[in-house]
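The residues making up each chain are set out below.
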Amino acid sequence: MKRVVSFFLFLCINLYALDFKVASYNVENLFDLQHDGTEYKEYLPSSKYWNKKSFENKLDNLSRVIKELDADILTLQEIESDKAFSILKDKTNYPYGVFLKKNTSSVGVAVLSRYPITKWEKIDADRYDKHSRYILKAFLNIDNKELIVYVNHWRSKRAAESSRIKYALSLKEDIENLEEGKDYIILGDLNSNYNEYQTFKYEDKLNDTSGITGINQILNTALNGNLVLKSEINGSDELHYNLWLELDKKNRFSSKFKGRNTTPDNIIIPKELFDDKDISYINNSFNVFKPSYLYGRYLNRWDMKRGTGYSDHLPVFAEFSTRKQNYSFTRKSKKDIVKIDELYKVEKLDKAVELKDIVVLYKENKTAVIKQLNSRAVAVYNPPKELKEGFIYKIAFDRIDSYFGLKEIKNILKAEELGIYENYKELYKNALELDLFDLNNQNEMVRGLKGIYEKGYLYFDGDKRIKLYFKKGIKKPEEKENILINSGHLGIYKSKVQIVIYKQTDFLAD
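Residues numbered from 1 in each chain as written. Predicted model: local features only at pLDDT ≥ 70, side-chain atom pairs only at ≥ 80, totals over all residues. Heavy atoms only, no water.

Here we look at a positive patch on the surface
Reasoning step 1: Among the surface-exposed residues, Lys205, Lys258, Arg465, Lys467, Lys476 and Lys496 lie close enough to one another that they form a single positively charged patch.
Reasoning step 2: Along the polypeptide, Lys258 turns up in the loop between β12 (255-257) and β13 (260-262). (Patch = residues over 30% accessible without salt bridge, like charges linked within 9 Å, V, L, I, M, F, W, Y side chains within 5 Å. Areas by Shrake-Rupley, 256 points an atom, 1.4 Å probe, with all protein chains shown as cover. Salt bridge = Lys/Arg side-chain N within 4 Å of Asp/Glu carboxyl O. Lys, Arg positive; Asp, Glu negative; His and termini not counted. Charge placed at Lys NZ, Arg CZ, Asp CG, Glu CD. Helix = DSSP H or I, 4+ residues; strand = E, 2+ residues; numbered from the N terminus.)

The structure is reproduced here in structure tokens:
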């Protein structure tokens, strides 16, 4: 009899448990047709291209995305007014919604929900900046359990990082005052990459904070120079996990900037969503919504002149549940890493790694390129003096990093010489037989590439071109000069493939 009762209770609990989808979408400038005085000039109701027809096209297009995305809770950015929001809400059939905008701002933030919004608050991150936007703090009742969503639209990168830090500090302060164990999600357009501390620090225009970023160091999605992993999330009340880490690096983008993948739209969660109470994250459910009509080779963004397109952002989403989740986040022990290939699959190391059969393909000043026999190549930053080109080693190291997307080994602890690889340059890849733009070939040394040099690019094989980066002190080829690369490092910089030339002798000019 006890077994029957237990089974009945289990069935009831799971019958009423809820799985639900949470998403965020920057809709790119949904303005109404009323003149309020804060519009962008191109969206004035009297402007040439913004009229009733284009407004209705924009609403229809956004409604299509929102309906097909089918999120139970959807946060939105870049909506001008409560009027525009209300029309969108009615077209998408959400029963609950809240819109919030600062009087001096052109656009605001909002949330649509299939669950009751019991109350909401505004957080003023920067009361002295007329361009700043409120953070919307919404309280939702989901299966009689409370979830807080923080809807964000941080200052754009027209402003330096100190402006975005104000948002992060405001969030941090509010979160610290929450009741212990409270479930919450931080999401929206933070105008920050998930690894912002790596991508912004070399840009003087942005880095006015000595390398500190709001998303990584203030919200603590990074710790001790590395991104926080799921296996570490229970280590501190202050840590947060960014769901972008669920995806392979090639799929980490919700927008594009100058052809580069960017991740301004984020969903960030605390350890409370990895426990066995109330609401929990459904593991590996994060993704980007990108049907073919939103993204092909390019983002199908809104074109006001034609009245077509959607947005310059893609929606991001994740799933949560009131059911208990069974998590297992034990990391693969780094002692199991025996090939360079496996280094490309991990974000960081928790202990030293030892690799055998390592051949030094190239070495110059602070960079070396090494290749493991029967495996891939990888760069080494600041290699030890004892490493010599053409020699085979067993090496140990305890740090890996990505420099603007390029995988690097750092901090080699020891290098034991095993012998000489006399014809080591035979391990260079023939550029004519290699897909130079396949990211799986990054860090290979290439040879045999002929072409015409023009404005920083090598034009080859008809209509193809690749960026050339010459280290300081190298005399570049003349414009439209024919050159042959006999020793080039196939690298990545800000998501773009390039060939790095370290020495004058690495190329020949006709």
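A word on the sheet that holds strand β18 (residues 353-364)
Reasoning step 1: If you trace the 5 strands once around the closed barrel, you get β18-β19-β20-β22-β21, paired in mixed fashion. Between one strand axis and the next, the sheet turns through 50° on average, direction left out of account.
Reasoning step 2: Here β18 pairs with strand β19 (residues 367-372) via 6 bridges, running antiparallel. Considered in β19, the bridge of Lys363 is made with Ala368. (Pairing = 2+ DSSP bridges. Axes fitted to C-alpha atoms, helices over the stretch in contact; angles between N-to-C directions.)

Regarding the side chain of Asp401
Reasoning step 1: Among the structural elements, Asp401 can be located in strand β21 (residues 391-403).
Reasoning step 2: There is a polar contact of 3.1 Å between the side chain of Asp401 and the side chain of Lys410.
Reasoning step 3: Apart from the residues within four sequence positions on either side, Asp401 is in contact with Gln198, Leu406, Lys407, Glu408 and Lys410. (Polar contact = N/O pair within 3.5 Å; in protein donor to acceptor, adjacent residues only side chain to side chain. Contact = heavy atoms within 4.5 Å.)

Comments concerning the environment of Ser231
Reasoning step 1: Looking at where Ser231 falls in the secondary structure, it is placed in the loop between β10 (226-227) and β11 (241-242).
Reasoning step 2: Ser231 gets classed as partly exposed once you look at its relative accessible area, which sits at 31%.
Reasoning step 3: For the pair Ser231 and Tyr241, spaced 10 residues apart in the sequence, the C-alpha separation amounts to 9.8 Å. (Buried < 20%, exposed > 50% of the residue type's maximum accessible area, 1.4 Å probe, protein only.)

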